[in-house]
Every structure is written in structure tokens, then in C-alpha cells.
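Examining the three-dimensional arrangement
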Amino acid sequence: MIEKYIKSKKYHFILCFILISNIINAQYPIVRNFTRKAYSSGAQNWNIIQEKNDWMCFANNNGLLEYNGNTWTTYPIANYTNVRSLYYDDKKDRIYAGAFNEFGYFEKNQQGMKVYVSISSKLDKKSKNFSEIWGIVKQNNIIFFHSDNYLFKYENNKITRYIIKEKIAKIAIINNFVFLASEKEGVFVFNDNMLIPLSYSSIIKGKKICAILPYKNKVLFVTELDGIFQYENRVIS
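Residues numbered from 1 in each chain as written. Predicted model: local features only at pLDDT ≥ 70, side-chain atom pairs only at ≥ 80, totals over all residues. Heavy atoms only, no water.

Turning next to the environment of Asn 217. Residue placement: Asn 217 occurs in the loop between β17 (209-215) and β18 (218-223). According to the relative accessible area criterion, Asn 217 is exposed, its value standing at 73%. A sequence separation of 42 residues divides Asn 217 from Asn 175, and the C-alpha atoms of the two residues are 9.0 Å apart. (Helix = DSSP H or I, 4+ residues; strand = E, 2+ residues; numbered from the N terminus. Buried < 20%, exposed > 50% of the residue type's maximum accessible area, 1.4 Å probe, protein only.)

Set out below in C-alpha cells:
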């Protein structure tokens, strides 16, 4: 009888332990860290995207860093510089990438390996010195790449370059509008190949915008030091 009681208590303890462990893991999921030694590539990673097969890709100092859940692979960009920005086009299963004086895309070949195709190589010589590409966004079938002072529109295999006088802080597509933020001049909407100042955006002039986000029917402008501003009914508050 005593032996049965001890056995029952033992199983009860084990069951409680399993339940508590599951609850703790549900609240605090296990995080696995990968050292540079594990992925054998550059020290810094600037951007992250996920492909439709759930593989992860990183904008790395040595190129496009890919992780398939088991192994790591680095694909260098054309001029072997740091990759700063990525955008995944799930319709084309294509990864757009931006680097120093270089931008283009990675596509898989018949062997499933990623191959880089340069878009910026199509630019004329005087337009090729644009420095780092910090952001990439897509509007319908148009891809936009931005550096500090240039905006490149890639449509139907054609590139159009726009010079931006003030440094571009952030770019985003929200409700199919292209929002472009400048620290000194506030926020613009890119429409019909023109930069149009956003109504009442003077309130955020001089403030460093680090994110532009959708929220319900509003647009949020997240600043580095001055809080969050919202755009609704053509007013920023």
C-alpha cells in the first residue's frame, strides 16, 4: 500500500513538472543564439527577411547570408561590399539587395543556389556613385531603392534616378503610397514622379524618423527622441 502511494506521488510529481515546464516554455520561448563562428560570415547583420520556404536571409557584411534551418551559406554581391538592405518579393521568389554603390536581386538557379543579378550596372557612369543603399520597398510592380540622397525607381527593367537634396531617413509603402522622410524637411509622398510635401508635416521637421508604420487607418511616424506622431485625415499630431 505504501509502495503504491509512493509510486502515485512520483507520477504526480513528474506530471506536474512536465506541465510547469510547458507553461514556462510557452511564456518564455527558447532562444537559440548563433555566434559568428557558427555561421562563418561577417560580424554585422543589417537586415532580416524570411522566404516563403521559411528559410532566413540576412544582410551581412560579407553578402547575403542564408540559413535553411541546418546549414549557413553566404552569397557575395557583385562588388563584394557589405549588404545593407533586403526586400523579399514572394510573387517572384526574388530577394532584392542593396550595398555600397550596388543594388540588384538574388534568384535561384536550377540547382536551387542563389545567383546575383545586378540592376545598378545598367546605370550610366555618372550615376553609379550613390554610396550605401539603406532601404528597399515595393509599390505594385515598382521597386524603390534609396541611399542617403538618391531614390531609384526600377520598373519594367528600366531605372530612373531622383536626386533628393536632404538626407533620406526612412522610406515606406503604406496604403500603396510611398512615404519618404527627411530629417530637415519633414515627410513627402512620392507621386507621379514628384515629391509632394505631406500636409502639416512641419511639426516633425528636425526630428529623426526611425520608422514609418501603418496603424488602423493612420500612419505612425516613430522618432528617435521625440515620441510618435500620427497622420490622420491629412493632419499630423
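Next comes the rest of the description.
Strand order in the open sheet formed by four strands is β5-β6-β7-β8, with antiparallel pairing between adjacent strands. Each of the sheet's edge strands pairs with one partner strand only, and the pair in question is β5 (83-89) and β8 (114-118). Across this sheet, the average inter-strand angle for adjacent strands is 25 degrees, counted without regard to direction. Sheet topology note: the β5/strand β6 (residues 94-99) ladder contains six bridges and is antiparallel. Residue pairing across strands places Tyr 87 opposite Tyr 96, the latter belonging to β6. (Pairing = 2+ DSSP bridges. Axes fitted to C-alpha atoms, helices over the stretch in contact; angles between N-to-C directions.)

This part takes up the layout of surface pockets. A volume near 500 Å³ is recorded for the largest pocket. Along its surface, the largest pocket is lined by 19 residues, and Trp 134, His 146, Ala 169, Lys 170 and Ile 171 are the ones closest to its centre. With five residues, strand β13 (residues 168-174) is the single largest residue contributor to the lining of the largest pocket. Of the residues assigned to the lining of the largest pocket, the class counts are nine nonpolar, four polar and six charged. Roughly 270 Å³ of internal volume is contained in the second largest pocket. Looking at the second largest pocket, it is lined by 16 residues, and the ones nearest its centre are Phe 177, Phe 179, Val 189, Leu 198 and Tyr 231. Put simply, the parts of the chain that give the lining of the second largest pocket at least two residues each are β14 (177-182), β15 (186-191), β16 (194-197), β18 and β19 (228-232). (1 Å grid on protein atoms, 1.4 Å probe; cavity = no way out; pocket = protein on both sides within 12 Å on 5 of 7 lines; lining within 4 Å. Points joined across faces, edges and corners; volume = space filled by probe spheres on them. Nonpolar A, V, L, I, M, F, W, Y, C, P; charged D, E, K, R; others polar.)

Turning our attention to the sheet that holds strand β9 (residues 135-139). Reading across the sheet, the four strands line up as β9-β10-β11-β12 and stay open at both edges, with antiparallel pairing between neighbours. Two strands bound the open sheet, and with one partner strand each, they are β9 and β12 (158-163). The sheet shows a mean angle of 20 degrees between the axes of neighbouring strands, direction not considered. Two strands pair when backbone bridges link them, and β9 and strand β10 (residues 142-146) are joined in this way by five bridges, in the antiparallel orientation. Within β10, the residue paired with Ile 136 across the bridge is Phe 145.

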